[in-house]
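Structural features, examined
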Amino acid sequence: MVREELQATAGLAHLDLSEDEAAAALPAFELMLEYFAAMKAADEDEGAFGVPVLDLPPTTQAFSAGNRLRFDATANNSNNTNSNPLYNLANELLNRSPESENRFVVIPNVL
Amino acid sequence: MSRTVLQDGFSAYLDAWEARIGSFLEKDAETIAGSAVLGADREPGYASDSTKGVLRGLPFGVKDNIAVKDMRLSCGSRLLDGFRSPYSATAVARLAAVGAMPAGKTNMDEFGMGSSTDNSAFMRTNNPWDVERVAGGSSGGSAAAVAAGLVPFALGSDTGGSVRQPANFCGVVGLKPTYGAVSRFGLVAYASSLETIGVLADSVARARTVFAAMRGADPLDQTSFDAPADAPSLLPLGGKPAEPRAIGVLSPSAVAKALASTLSGQAGPAGNGGPDEAAREASAAAMLEPEVALGFEAAKEGLRALGHRLVDVELPSLKYGVPAYYTIATAEASANLARFDGIRYGNRPAYAENPDGLIDGARGSGFGDEVKLRILLGTFVLRSGFQDRYYLRAQRIRTGIRLDFNRVLAGVDAVLMPVFPTRAFGRGERGLSPFAQKAADLFTCCANLAGLPALAFPTGVEGGLPVGVQLVGKAFGEGLLLDVAEGYEAAHPIARPAGYRAFWG
Amino acid sequence: MMKYQSFIGLEVHIHLLTKSKAFCSCRAAFGDEPNSNVCPVCMGYPGVLPALNGEAMRMGAVVARALNCTLSPKTWFERKQYFYPDMPKNYQISQFASPLGVDGWVDIPAGGGGPASSAAGTATKRIRIKECHLEEDAGKMIHAGNVSLVDYNRAGTSLLEIVTEPDFETGAEAECYVQQLRRTVRYLGVCDGNMEEGSLRCDANVSVNLRGQGLGSKVEIKNLNSSRFVRLGLDYEIERQVALVEKGGMVRQETRLWNENRDQTETMRVKESSNDYRFFPEPDLPPFSADAGFISSVEAGLVELPFDRERRVGSEFGLSREQVTIVCEERAFADYFEAAVAEAERLGMDKKVAAERVAIWMTGELKRVMNRDGLGAADVGALKVTGARLAAIVALVASGRISGKIARQLFDAALVEEAEPADIVAARGWELVVDPARIAAAVEEAIAAEPSAFSGAAAATAGGDVGKARTLSAFLVGKAIGASGGKAEPGLVKAAVEARVTAAATAL
Ligand SMILES: [Mg+2]
Ligand SMILES: [Zn+2]
């Protein structure tokens, strides 16, 4: 059962494990999941949290400090400035693609 | 700080150390050796003038998961072997703006996943105190380079202890800032909500200067913040004694005991070694090595002698920290590492039948086993039907740990705890199992879960290896931690490995 | 009552007209060179982070409000994870648990009678809007033989997804909704609504069931890239499903594509149960709270929507339904209309008369010229003939200062000259002659030139032959206007000719 879950998970993650690789990864995978499953003890461990842990809201970020929005302006492509290291890089980025042609990134087609 | 004038023999010194420890994956020897000092603007994509600023002329190492324009950015992974960054991290650019010079990329566990740096796809990094032992990880290259005196400081990243643990193993200062205090822009993401760029330095004062230069909100990272106006000052102590503080002391043995009693009997899916195997191994891994315990007691004495008031504190939530940490970290990692597919950059197989084959091939051959394991775990805990049990429960525990720290820190200025249960471990039989290495993150990962600053500093040498402690503080309270540690350092100068020479002023 | 009931829900994605992309400062534009508007962020490079575009949030919220949604007080983003070669991070930053707006509605004409029938008095049907959420678009793939070519210019541009409840029953209703939504977002100025370029894309889910049995098993339809295909595709699909069920078959849960060449839907993929997007909150972006400043910027962006405006323009100005449809097609066109009428009123015209005259100009001459020049109704603001200038022309005609014929010349001149119509008329000497002496002179010239017509008219008048008298008088009026070079005011000329004829008749 866990082994099938491991392969299904590998499929979602695009890791494409061979049977041997899956077999090799399984013990560590199971051990860690067992460790994770032990978190269930926290549900009733009021000694640890003061309240049942299920009453606590999840934290997705340690801090927030008000809204953060970017002003809608385009980068000036002809005038690369030090304060903004990201722009005017299109050609450089294209050069990093393993395969490109006529400014397109090339990958095999589904045949 | 004055500009460094290098003494003769530095190049030979560098080469000799590198042959023994292997800390750099790529280095600009001229910059490190100082011949490039005063070379003005090297134009690595940001304004830099090595003749000006508080870090003028100082070279620094950069962990290979932090972008420096035109340097490699492999993250210790085959998948990114040969990849060069088209841009620089904000932290790097800010250091360059005050005269520091990125001098090379340091070795690391692949994508930051590991505690030894042995998970690098490229090479091992040895501990400068004992080359048979690991430098720690995942910022092991940075720690080793600083410990050997090859650079005065280096950048690392700390997701669950990856700056503090190798700093501790190598006997240097390791600062994990408050979450968001330093921009993450340019740090290749492992677990976005937990990690920060941190500093490994040869002194507390240096760590302070470097941190002060890097920190502050960055429009390119909307999770970065300026410190509030009432945050403790980052002004150098300048030889003055540190103000006496109330320091909470966490009892490591109490934590280990609590772990053993809580985790056992909470079986998940039956593992090969029986339902309690994970719990047993985890509580065993939490026990301090005698030398570490000795160092911890000595540090308490030392702090007391400096006038600090030590009080016992408890953090009962801590025992859930590691599984919660690994659940969250692997979940975020599974998404963060999805972009590595060999399409737009990086390495891809020579032939693939279709896009899926290309992606599978690139990831299958590009990632190492530990990275694959963590991606699998992270993918699993986010799957529908499993989220509540794993990911969501971990995020609630995280809230509990945050509140627990807030409660304790309302009564004390900082919490003192060990960094890692062992000193630098060896390899093979003398090493720690991969699981034990993870379980041993218990003292470091909680600061990441709570987003709090933590400073690891060396306190002495036990059995030929450095030992040290860490202080965890209130959010944006780095200044206070640095003050206490700088006072400690003044009274107990940092020990250096044999063969160390001080080249940096 | 029909045996079967059909349920259609629509998911419309619109490209917001932000200058930059949703999470980076790259230009958001259609039709540029491949992979030219890209940066490390939208190419999913290692180490980069998204930075949320405030204008995308505002525009998205404006649409949500216009569709009567409630804005979420606190929103955040999730990562929706799946691998696809045109999606650089292999996850999409999207809103899942906290859409910008929820629980809205729009009214469409019942039965989907086309937008024109939305004017006053038509029965309407309420469509529930489930939610509006903001997300990023992917790049584009071109399949070329054994390779695919990927262009990431579109990757990371801001998309608003508008999801309805399954409230449509026919293709016509869905078509009507899409057309109305298209006009709405154009009115709001947040999307160009171009379906061919993919700025507005429509997916649907369709099910049929025996009436009263609730939803059937759902089929997703993609590639409905014109409002006509929405109607054709959905009607086809409903028929297909009914026929299938009638034969005792089962509808398979799948995704189908509309094939516009064969006028049918075709299986694209059978729904995999393993599609697991593993949503979790995006840790790189802080949550967003709709504060007072944001809400007021959203409210400020709301305008009267096409449906409401048609109703008001129809009743307030007394236009025909056809005129209303044309005048209200685009917000700029309707604004032009109302500005022109207001100006004509200011110049002393009666409102309804002015509205009728302006509408005739706009639906006739103005439209003709804009079509000729390749301008759409939304481009009316680019014309030199502003609403106020058109009003001036209309008023000049109404006051008798220029003739209808001159008015057309004036309009043509005003199209190319940056000048007020009155000034053009003065400069060209196009104003009608009203001076009694000059009118009399022209009339005398006509009488002298056509003595038999004049005497005939007098005789017919005297003899009571009204028809003949009128015909001959009109002939003389024409001659007199001709004698004035076409500038004599026709009413005055007519009066003068009639006075002369009557006098002559009396003298007989
Ligand atoms: Mg969508
Ligand atoms: Zn971009």
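Residues numbered from 1 in each chain as written. Chains lettered and ligands numbered in written order. Predicted model: local features only at pLDDT ≥ 70, side-chain atom pairs only at ≥ 80, totals over all residues. Heavy atoms only, no water.

1. A few points about the sheet that holds strand 2 (residues 104–108) of chain A
In plain terms, the rule: Two strands pair under a simple rule: DSSP has to find at least two bridges between them. In this text, helices come from DSSP runs of H or I with a minimum length of four residues, and strands from runs of E with a minimum of two, each type numbered from the N-terminal end.
The strand order 1(A)-2(A)-9(C)-8(C) describes an open sheet built from 4 strands, whose pairing is antiparallel. Two strands close off the open sheet at either side, each with one partner strand: strand 1 (100–101) of chain A together with strand 8 (140–144) of chain C. As defined by bridge partners, strand 8 of chain C adjoins strand 9 (residues 147–151) of chain C across 5 bridges and the pair is classed as antiparallel. For C:Lys140, the partnering residue across the bridge sits in strand 9 of chain C and is C:Asp151.

2. Focus on the interface of chain C and chain B
We apply this condition: Contacts: residue pairs with any heavy atoms within 4.5 Å of one another. A quick way to say it: buried area is the sum, across both parts, of accessible area lost when two parts are put together, with a 1.4 Å probe. For this analysis, a salt bridge means a side-chain nitrogen from Lys or Arg found within 4 Å of a carboxyl oxygen belonging to Asp or Glu. Residues were grouped as follows: Ala, Val, Leu, Ile, Met, Phe, Trp, Tyr, Cys and Pro as nonpolar; Asp, Glu, Lys and Arg as charged; and all remaining residues, including Gly, as polar.
Every contact between the two is made by 29 residues of chain C and, on the other side, 39 residues of chain B. Carbon and sulfur atoms supply 59% of the area that chain C and chain B bury against each other, a total of about 2,800 Å² over both sides. Considering only the surface of chain C that becomes buried against chain B, C:Tyr45, C:Pro46 and C:Leu49 emerge as the three largest contributors, covering 21% of it. Our enumeration of links across chain C and chain B arrives at 1 salt bridge. Of all the elements in the fold, those that place two or more residues in the side of chain C that touches chain B are strand 4 (78–81) and strand 15 (280–281) of chain C. Partitioned by chemical class, the residues of the side of chain C that touches chain B number 20 nonpolar, 4 polar and 5 charged.

3. A short note on the pairing of strand 6 (residues 101–109) of chain C
With 2 bridges joining them, strand 2 (residues 70–71) of chain C and strand 6 of chain C adopt antiparallel strand pairing. In the sheet register, C:Leu71 faces strand 6 of chain C, and the bridge partner there is C:Gly101.

4. A closer look at the coordination of the magnesium ion (ligand 1)
Residue and element names in this part refer to chain C. Stated precisely, the cut-off is as follows: In this analysis a donor is any N, O or S atom within 2.8 Å of a metal ion (3.2 Å for sodium, potassium and calcium), and since water is not included, sites may seem incomplete. Using a 1.4 Å probe on the protein chains alone, a residue whose accessible area is under 20% of its type maximum counts as buried, one over 50% counts as exposed, and one in between counts as partly exposed.
Around the magnesium ion (ligand 1), the protein supplies His13 (NE2), Glu135 (OE) and Glu161 (OE) as donor atoms, at distances of 2.0 to 2.6 Å. Site description for the magnesium ion (ligand 1): donor spacing in sequence, H-x121-E-x25-E. Note that Glu135 is positioned in strand 7 (residues 124–136) and Glu161 in strand 10 (residues 158–164), a separation of 26 residues in sequence. The burial state of Glu135 is the same as that of Glu161; both residues are buried.

5. As for the packing of helix 1 (residues 2–12) of chain A against helix 2 (residues 19–37) of chain A
Residues and elements named next belong to chain A. The condition that has to hold: Note on geometry: axes are lines fitted to C-alpha atoms, helical ones only across the stretch in contact, with angles between N-to-C directions running from 0 to 180 degrees. Throughout this description, any angle smaller than 35 degrees is read as roughly parallel, any larger than 145 degrees as roughly antiparallel, any in the 65 to 115 degree range as roughly perpendicular, and the remainder as oblique. Left-handed describes a crossing in which the near helix is turned anticlockwise from the far one by less than a right angle; the clockwise case is right-handed.
At their nearest, the axes of helix 1 and helix 2 sit 10 Å apart, and the two run at 110° to each other. Classified by the interaxial angle, the pair formed by helix 1 and helix 2 is roughly perpendicular. Considering only the axes of helix 1 and helix 2, their crossing is right-handed. Of the residues in helix 2, those in contact with Val2, Arg3, Leu6 and Gln7 of helix 1 are Glu19, Ala22, Ala23, Leu26, Phe29 and Glu30. Across the contact of helix 1 with helix 2, the residue classes tally to 6 nonpolar, 1 polar and 3 charged.

6. Some details on the interface of chain A and chain B
This is how it is decided: Polar contact is defined as a pair of N or O atoms within 3.5 Å, subject to the rule that within protein one atom must be able to donate a hydrogen and the other to accept it, and that residues adjacent in sequence are counted only when both atoms are side-chain atoms.
Each side of the interface is counted separately: chain A has 66 residues, and chain B has 97 residues. The three residues of chain A that bury the most area against chain B are A:Tyr35, A:Met39 and A:Arg68, which together make up 12% of that side's buried surface. Notably, a salt bridge pairs A:Glu5 with B:Arg383, separated by 2.9 Å at the nearest N-O pair. Counting across the chain A and chain B interface gives 21 residue pairs in polar contact (both at pLDDT 80 or more). Secondary structure elements with two or more residues in the side of chain A that touches chain B: helix 1, helix 2, helix 3 (46–49), helix 4 (90–95) and strand 2 of chain A. In terms of residues, the side of chain A that touches chain B owes the most to one element, helix 2 of chain A, which gives 13 residues. Its residues assigned to classes, the side of chain A that touches chain B shows 43 nonpolar, 10 polar and 13 charged.

7. Describing the coordination of the zinc ion (ligand 2)
Residues and elements named next belong to chain C. Filter applied, for reference: Geometry is assigned from donor-metal-donor angles: four donors are tetrahedral when every angle falls between 85 and 135 degrees, four are square planar and six octahedral when opposite donors sit over 155 degrees apart with all other angles between 65 and 115, and any other arrangement is irregular.
Protein coordination at the zinc ion (ligand 2): the donors are Cys24 (SG), Cys26 (SG), Cys39 (SG) and Cys42 (SG), at 2.3 to 2.4 Å from the metal. Seen from the zinc ion (ligand 2), its 4 donor atoms lie at angles of 98 to 115°, and the figure they make is tetrahedral. Counting the intervening residues between successive donors of the zinc ion (ligand 2) yields the motif C-x1-C-x12-C-x2-C. By the burial criterion, Cys24 is buried, and Cys26 matches it.

8. Here we look at the confidence of the model for chain B
All names here are of chain B. Which entries qualify depends on this criterion: You can read pLDDT as the predictor saying how much it trusts each residue, on a scale of 0 to 100.
Scored by pLDDT, chain B has a mean of 92; 93% of the residues are at 70 or more. Taken as a whole, residues 38–46 scores under 50 in pLDDT and shows 24 contacts with residues more than four places along the chain or in a different chain. Segment residues 266–274 is flagged for pLDDT under 50; beyond a separation of four residues in sequence, or across chains, it makes 19 contacts in the model. If you check the scores for this complex, the pTM reads 0.91 and the ipTM reads 0.94.

9. Some details on the pairing of strand 13 (residues 465–473) of chain B
Residue and element names in this part refer to chain B. Most of strand 13 sits out of view: 9 of its 9 residues are buried. The side-chain alternation of strand 13 yields two buried faces, one formed by Leu465, Val467, Val469, Leu471 and Gly473 and the other by Pro466, Gly468, Gln470 and Val472. Pairing of strand 11 (residues 414–418) with strand 13 involves 5 bridges; the strand directions are antiparallel. By the bridge assignment, Leu416 is partnered in strand 13 with Leu471. Bridge count between strand 12 (residues 454–462) and strand 13: 8 bridges; the pairing is antiparallel. Bridge pairing links Glu462 to Leu465 in strand 13. In textbook terms, the turn of a hairpin is the stretch between consecutive antiparallel strands, and for strand 12 and strand 13 this stretch comprises 2 residues, one of which, Gly463, has a positive phi near 60°.

10. What to know about the packing of aromatic side chains
All names here are of chain B. Selection rule: Only rings of Phe, Tyr and Trp enter the pairing, Trp through its six-membered ring, and a pair is recorded when the two centres are within 6.5 Å. The plane angle decides the type: under 30 degrees is stacked, over 60 is edge-to-face, the rest tilted.
Enumeration over the complete set of coordinates arrives at 38 aromatic pairs over all chains. Judged by centre distance (6.5 Å) and plane angle (70°), the rings of Tyr13 and Trp17 are edge-to-face. With Tyr13 and Trp17 both in helix 1 (residues 10–21) and 4 residues apart, this pair spans about one turn of that helix. Across this residue pair, the class does not change: Tyr13 and Trp17 are buried. Measuring from ring centre to ring centre gives 5.3 Å for Phe83 and Tyr345, while their planes differ by 45°; the resulting arrangement is tilted.

11. Considering helix 12 (residues 436–449) of chain C
Residues and elements named next belong to chain C. Our working definition: Residue count minus one, scaled by 1.5 Å, sets the expected span of a helix. The arc in question is the one spanned by the directions pointing from the helix axis to the C-beta atoms.
Here helix 12 contains 14 residues, and its C-alpha end-to-end distance of 20 Å stays within 8% of the 20 Å for a straight helix at 1.5 Å per residue. For helix 12, the complete set of buried residues consists of Ile439, Ala442, Val443, Ala446 and Ile447. Axial view of helix 12: buried residues confined to an arc of 140°, hence all on one face. Exposed residues pointing more than 90 degrees away from the buried face of helix 12 are listed as Ala437, Arg438, Ala448 and Ala449.

12. Some thoughts on the sheet that holds strand 8 (residues 196–201) of chain B
Residues and elements named next belong to chain B. Strands sit in the order 1-3-2-6-8-7-12-13-11-9-10 across an open sheet of 11 strands; the sheet is mixed. Looking along the sheet, the strands with just one partner apiece sit at the ends: strand 1 (24–27) and strand 10 (309–313). With direction set aside, neighbouring strand axes in the sheet form an average angle of 30°. Sheet topology places strand 2 (residues 59–63) next to strand 3 (residues 101–106); 5 bridges connect them, and they run parallel. Bridging from a neighbouring strand, Phe60 pairs with Pro102 of strand 3. Along the sheet face, helix 3 (residues 90–97) touches strand 2, strand 3, strand 6 (153–158) and strand 8 and points at about 160° away from the line of strand 6.

13. Regarding the packing of helix 2 of chain A against helix 8 (residues 277–286) of chain B
Their axes nearest at 8 Å, the elements helix 2 of chain A and helix 8 of chain B cross at an angle of 80°. It follows that helix 2 of chain A is roughly perpendicular to helix 8 of chain B by the angle criterion. Here helix 2 of chain A contributes A:Leu31, A:Glu34 and A:Tyr35 to the contact with helix 8 of chain B, which in turn contributes B:Glu277, B:Ala278, B:Glu281 and B:Ala282.

14. Section: unusual backbone geometry
Between B:Gly137 and the following residue, B:Ser138, the backbone shows a cis peptide bond with an omega angle of 5°. With respect to the helices, strands and loops of the structure, B:Ser138 is situated in the loop between strand 5 (130–134) and helix 4 (140–147). Although it is not a glycine, A:His14 adopts a positive phi angle of roughly 55°. The exposure class assigned to A:His14 is buried, which follows from its relative accessible area of 12%.

15. Thoughts on the environment of C:Gly429
Checked against the element boundaries, C:Gly429 lands in the loop between helix 11 (421–428) and helix 12. Considered as a pair, C:Gly429 and C:Phe96 are 333 residues apart in the sequence and their alpha carbons are 68 Å apart.

16. Comments concerning the pattern of salt bridges
Residues and elements named next belong to chain C. Enumeration according to the criterion identifies 73 salt bridges over all chains in this entry. A salt bridge links Arg346 to Glu343, with the shortest nitrogen-to-oxygen separation between them at 2.9 Å. Taken together, the residues span about one helical turn, with Arg346 and Glu343 both in helix 7 (residues 331–346) at a distance of 3 residues. The class of Arg346 is exposed, set by a relative accessible area of 61%. In this structure, a network of salt bridges that share partners links the residues Glu304, Arg309, Arg312, Glu316, Asp335, Glu338 and Lys351.

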